[in-house]
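Now for the letters of each chain:
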Amino acid sequence: KNIYITPKERYEINMKLSFSTLGCPNWTWNEILAIAKDLGMSGVELRGLGDEMYAPDLKIFAPDKLDGTMSKLNQMGLEIPILTSGAYFADKNKAEEAFGEACAYIDLADKAQIPYIRVMAEPTPEPQNGDMRLAAKFYGQLCDYAKDTSVIPLIESNGQLASLGAMQDFLSAAGRSNMGVLWDIHHTVRFYGETPGRAVSALGRYIKHVHIKDSFMENGKISYRMMGYGDIPALDALRELENICYGGFISFEWVKRWNPELEEPGIAFAYFCSYMNYLLKKL
């Protein structure tokens, strides 16, 4: 979980690296774990396995498999930091269904002792015209549902909520004590021009998990690139996170499932690990 400590203790805590399974849609669970272990990652973020995107239906979480799954992760020195749902609340026609999905994710995360789940206001990185007041209402109710569990539901900075002002208004409207933010560095920079400094200043105490990826604009469209080959200020973001003594995960969201033309996950994950370790040594 997110860790806030005194300045004297700050250098005893390191940010941890993980990758989202969004980046390896054709890998088996055992292949994912083996690669994560070989690369020295600390965790694997769950966003689908094979053809199944709904985590509560994954075979690795079946009642007769769950204990073995978590035991194997522990033995390998790996964690699942977050279950990343597809639930979004800003569409009045889908908000009730999304709420049910998010509650199921909380139930599973609580059983598996996974600290966070991800929900969204809007379903796409690009801002839409969703109802933010409706989304804040359902997010607040989700926080109420999670209150007596070990799980914190995180709202991601995507869509309109990649705007720091919109996110602050959203959190104020939701108004619960167990709120948290999944800061997607890329979305705040790319869609609203927010600097990492402004983002961490505005959201710092809420940031519990971080997504990172790189891109640049090409002919008016986003062109995703491996880390360091775009213009997203990753080092600035890490420095800002270090300033608030963030000790959680930096998770590589390689969107291979939605963009099959991207480099293969074995290449992208290995480069991510090498590049991020290089940046972390510069802090």
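Now for a description of the structure that goes with this document. What you see is a predicted model; the values in this text were computed from it and never measured.

What follows deals with the overall build of the protein chain. Each helix and strand in the protein chain was counted, giving nine helices and ten strands. On C-alpha atoms alone, the protein chain measures out to a radius of gyration of 18 Å, which is about the 19 Å that the 2.2 N^0.38 rule sets for 283 residues. Each principal axis of the C-alpha atoms in the protein chain carries an extent, and together these give about 45 × 45 × 45 Å. Residues counted as buried form 54% of the 283 residues belonging to the protein chain. A separation of at least 24 residues holds for 77% of the contacts in the protein chain among residues at least 6 apart in sequence.

Relative to the helices and strands, Thr84 is located in strand β3 (residues 82-88). Owing to a relative accessible area of 2%, Thr84 belongs among the buried residues under this scheme. Among the polar contacts made by the side chain of Thr84, one reaches the side chain of Glu45 at a distance of 2.6 Å.

Our next topic: the sheet that holds strand β7 (residues 207-212). What the eight strands build is an open sheet, ordered β2-β1-β10-β7-β6-β5-β4-β3; its pairing is parallel. Edge strands, defined here as strands with exactly one partner in the open sheet, are β2 (43-45) and β3. Averaged over neighbouring strand pairs, the angle between their axes works out to 30° when direction is ignored. Of the pairings in the sheet, the one linking β7 to strand β10 (residues 249-252) comprises three bridges and is parallel in character. Across the sheet, Val210 pairs through a bridge with Ile250, a residue of β10. The strands touched by helix α7 (residues 196-203) within the sheet are β6 (180-184) and β7, with β6 carrying the most contacts at an inclination of about 175°.

It is the contact of helix α5 (residues 164-174) with α7, at a shortest axis distance of 10 Å, that shows an interaxial angle of 10°. The angle between α5 and α7 falls in the class roughly parallel. Residues Leu164, Met167, Gln168 and Leu171 of α5 lie in contact with α7, whose contacting residues are Arg198, Ala199, Ala202 and Leu203. Broken down by class, the residue content of the contact of α5 with α7 amounts to six nonpolar, one polar and one charged.

Before going further, it helps to examine the nonpolar core. Formed by 92 residues in total, the largest nonpolar core has its most connected members in Trp29, Leu83, Phe89, Ile117, Leu241 and Ile250. At ten residues, helix α3 (residues 95-112) tops the list of elements feeding residues into this core. The contacts of Leu83, once residues within four sequence positions are left out, are Leu46, Phe61, Tyr105, Leu108, Ala109, Ile114, Tyr116, Ile117 and Arg118. Counting five residues, the second largest nonpolar core, distinct from the first, contains Ile82, Tyr116, Leu154 and Leu182.

The next point concerns the packing of aromatic side chains. Evaluation of the coordinates by the stated rule reveals twelve aromatic pairs. An angle of 25° between the planes, with centres 5.5 Å apart, marks the rings of Phe252 and Trp254 as stacked. Residue Phe252 shares its accessibility class with Trp254, and that shared class is buried. Here the aromatic rings of Phe252 and Phe269 are separated by 6.2 Å at their centres, their planes lie at 80°, and the arrangement is edge-to-face. Of the two residues, Phe252 is situated in strand β10 and Phe269 in helix α9 (residues 265-281); the sequence distance between them amounts to 17 residues. When sorted by exposure, Phe252 lands in the same class as Phe269, which is buried. Through a chain of ring-to-ring contacts, the aromatic side chains of Phe19, Trp27, Phe252, Trp254, Phe269 and Phe272 assemble into a single cluster.

A few words on the state of the cysteines. Under the criterion given, the structure shown has zero disulfides. Its sulfur unpaired, Cys143 is 11 Å from the next cysteine sulfur, which belongs to Cys103. The class for Cys143 is buried, based on a relative accessible area of 0%. Free cysteine Cys273: the closest other cysteine sulfur is in Cys24, separated by 14 Å.

Rules behind the numbers
- Residues numbered from 1 in each chain as written.
- Predicted model: local features only at pLDDT ≥ 70, side-chain atom pairs only at ≥ 80, totals over all residues.
- Heavy atoms only, no water.
- Helix = DSSP H or I, 4+ residues; strand = E, 2+ residues; numbered from the N terminus.
- Rg over C-alpha atoms; globule rule 2.2 N^0.38 Å.
- Buried < 20%, exposed > 50% of the residue type's maximum accessible area, 1.4 Å probe, protein only.
- Contact = heavy atoms within 4.5 Å.
- Polar contact = N/O pair within 3.5 Å; in protein donor to acceptor, adjacent residues only side chain to side chain.
- Pairing = 2+ DSSP bridges.
- Axes fitted to C-alpha atoms, helices over the stretch in contact; angles between N-to-C directions.
- Parallel < 35°, antiparallel > 145°, perpendicular 65-115°, else oblique.
- Nonpolar A, V, L, I, M, F, W, Y, C, P; charged D, E, K, R; others polar.
- Core = buried A, V, L, I, M, F, W, Y, C linked by side-chain atoms within 4.5 Å.
- Phe/Tyr/Trp six-rings, centres within 6.5 Å; stacked < 30°, edge-to-face > 60°.
- Disulfide = S-S within 2.5 Å.

Any functional reading would require information that these geometric values do not contain.
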